[in-house]
Amino acid sequence: MERGAPSEWIADASDAGARLGTFIGRRALLGSRAIRRALERGACAVNGRRETFPSRRLSPGDRVRFTPPAEAPTPPSLGPERVLFETKRFLVMDKPPGIPAVGTDRGGPGNARSLLAQALRKRLFPVHRLDLDTSGCLAFALDEEAAAALEALFREREVKKTY
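Here the structure is a predicted model, which means the values were calculated and not measured.

Cut-offs applied
Throughout this document, residue positions are counted from 1 along each chain, in the order its sequence is written. The predicted origin of the model limits local features to residues at a pLDDT of at least 70 and limits the giving and counting of side-chain atom pairs to 80 or more, whereas totals for whole chains, interfaces and linings rest on all residues. As a rule here, side-chain values cover all heavy atoms of the structure and leave hydrogens and water aside. To qualify as a helix, a DSSP run of H or I must reach at least 4 residues; to qualify as a strand, a run of E must reach at least 2; elements of each kind are numbered from the N terminus. Exposure is judged per residue with a 1.4 Å probe applied to protein chains only, and the accessible area is read against the type maximum: over 50% gives exposed, under 20% gives buried, and values in between give partly exposed. Note on pairing: two strands pair once DSSP finds at least 2 bridges between them. In what follows, salt bridge is the name for a side-chain nitrogen of Lys or Arg lying within 4 Å of a carboxyl oxygen of Asp or Glu. Whenever a nitrogen or oxygen atom comes within 3.5 Å of another N or O atom, the pair is scored as a polar contact, on the condition that within protein one atom can donate a hydrogen and the other can accept it, and that pairs from neighbouring residues in sequence are kept only if both atoms are in side chains. Residues are treated as being in contact if the distance between any of their heavy atoms lies within 4.5 Å. Centre distance within 6.5 Å is the pairing criterion for rings of Phe, Tyr and Trp, where only the six-membered ring of Trp is used; planes under 30 degrees apart are then read as stacked, over 60 as edge-to-face, and the remainder as tilted. Whether a charge lies above a ring is judged from NZ of Lys or CZ of Arg, which has to be within 6 Å of the ring centre and within 35 degrees of the ring normal.

Novice: Even after reading the chapter, I still don't get unusual backbone geometry, so can you show me in this structure?
Specialist: Backbone phi values are negative for most residues with the exception of glycine, while trans is the configuration of most peptide bonds. For Arg121, which is not glycine, the phi torsion reads 55° and is therefore positive. The phi torsion at Arg157 lies on the positive side, around 60°, for a residue other than glycine. Locating Arg157 in the fold gives a position in the segment after helix 4 (144-155). Since its relative accessible area comes to 71%, Arg157 is described here as exposed.

Novice: When you look at the pairing of strand 1 (residues 7-10) in this model, what are you seeing that I'm missing?
Specialist: Every regular strand shows the same layout, with side chains that alternate between the two sheet faces. Only one face of strand 1 is buried: it carries Ser7 and Trp9, and the other face, with Glu8 and Ile10, is open. The pairing of strand 1 with strand 4 (residues 63-66) spans 4 bridges and is antiparallel. When the sheet's bridge partners are listed, Glu8 is paired in strand 4 with Arg65.

Novice: Looking at this structure, how should I read the sheet that holds strand 1?
Specialist: In a beta sheet, neighbouring strands are held together by backbone hydrogen bonds and run either parallel or antiparallel to one another. What the 4 strands build is an open sheet, ordered 1-4-2-3; its pairing is antiparallel. Across the chains shown, the open sheet's two edge strands, defined by having one partner strand only, are strand 1 and strand 3 (49-50). The pairing of strand 2 (residues 44-46) with strand 4 spans 3 bridges and is antiparallel. Looking across to strand 4, one finds that Ala45 is bridged to Arg65.

Novice: What exactly am I supposed to notice about the pattern of salt bridges here?
Specialist: Between side chains of opposite charge, pairing is possible as soon as their charged atoms come close. Taken as a whole and assessed by the stated rule, the structure comprises 10 salt bridges. A salt bridge links Arg65 to Glu8, with the shortest nitrogen-to-oxygen separation between them at 3.9 Å. Taken together, the residues Arg65 in strand 4 and Glu8 in strand 1 connect sequence positions 57 residues apart. A relative accessible area of 41% means that Arg65 is categorised as partly exposed. Here Glu8 falls in the partly exposed class, since its relative accessible area comes to 41%. Here Asp143 and Arg89 are joined by a salt bridge, their closest N and O atoms 2.8 Å apart. Pair noted here: Asp143 is in the loop between strand 8 (136-141) and helix 4 and Arg89 is in the loop between strand 5 (83-86) and strand 6 (90-95), with a separation of 54 residues, a long-range link. In the salt-bridge network here, residues are joined through shared partners; they are Glu8, Arg63 and Arg65.

Novice: Help me understand the side chain of Asn111 in this model?
Specialist: Residue position: Asn111 is located in the loop between strand 6 and helix 3 (112-120). At a separation of 3.2 Å, a polar atom in the side chain of Asn111 contacts the main-chain amide nitrogen of Arg113. Only 2.8 Å separates the side chain of Asn111 from the backbone nitrogen of Ser114, close enough to count as a polar contact. For Asn111, the residues in contact, after removing those within four places along its chain, are Leu78, Ile99, Pro100, Ala101, Val102 and Gly103.

Novice: Please clarify how the packing of aromatic side chains should be interpreted in this entry.
Specialist: Aromatic ring pairs are reported here in terms of the distance separating the ring centres and the angle at which the planes meet. Under the definition given, this model contains 2 aromatic pairs. A ring pair is formed by Trp9 and Phe23, whose centres lie 6.1 Å apart and whose planes are at 80°; its orientation type is edge-to-face. With Trp9 in strand 1 and Phe23 in helix 1 (residues 20-28), this pair connects stretches of sequence that are 14 residues apart. Classification of Trp9 by relative accessible area gives buried; the value is 17%. Summarising the aromatic geometry, the rings of Phe85 and Phe90 are spaced 5.8 Å apart at their centres and angled 45° between planes, so their arrangement reads as tilted. Judged by its relative accessible area of 46%, Phe85 falls in the partly exposed class. The class of Phe90 is partly exposed, set by a relative accessible area of 25%. Across from the ring centre of Phe23, 3.6 Å away, lies the NZ or CZ of Arg27, which sits over that ring.

The following block contains the structure:
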């Protein structure tokens with residue numbers, strides 16, 4: 001599917017009762033958040049009528065027209081300039097919004113851990129997470145022993161978080 005170019009599909013019997021967001025996701029290869037945002041912006045019509053709800057159930061014969069976002073977001077640079085603090089055992093980076101903290105099942109253009117590890121040429125062990133759309137301080141251990149210790153601190157709520 002070409003980004004920005006509209007596509008049209010017709011739901012068949014196997015799509016009966018399928019949610020619109022799931023139907024589009026299988027064909028457009030987009031995540032649910034991207035689909036929801038596109039729908040909110042008017043990128044979809046079902047049987048000629050604008051549809052903004054990914055939860056809408058489809059019936060056989062429904063015509064779905066969808067225009068995906070014009071361009072995929074480019075992940076921000078995640079090099080040494082993002083490191084706020086570093087010791088021999090751990091580091092803290094400034095994670096920008098829009099990029100996952102660690103890898104996901106679906107893969108994608110990159111995540112904070114892998115991009116920073118590649119830039120620094122270091123092995124990084126995630127010890128906590130930040131949501132995709134959240135920016136902030138993200139800590140990584142530099143060895144397995146430090147990872148276990150830091151994970152325990154987060155699990156026991158010994159780390160003070162400020163929002």
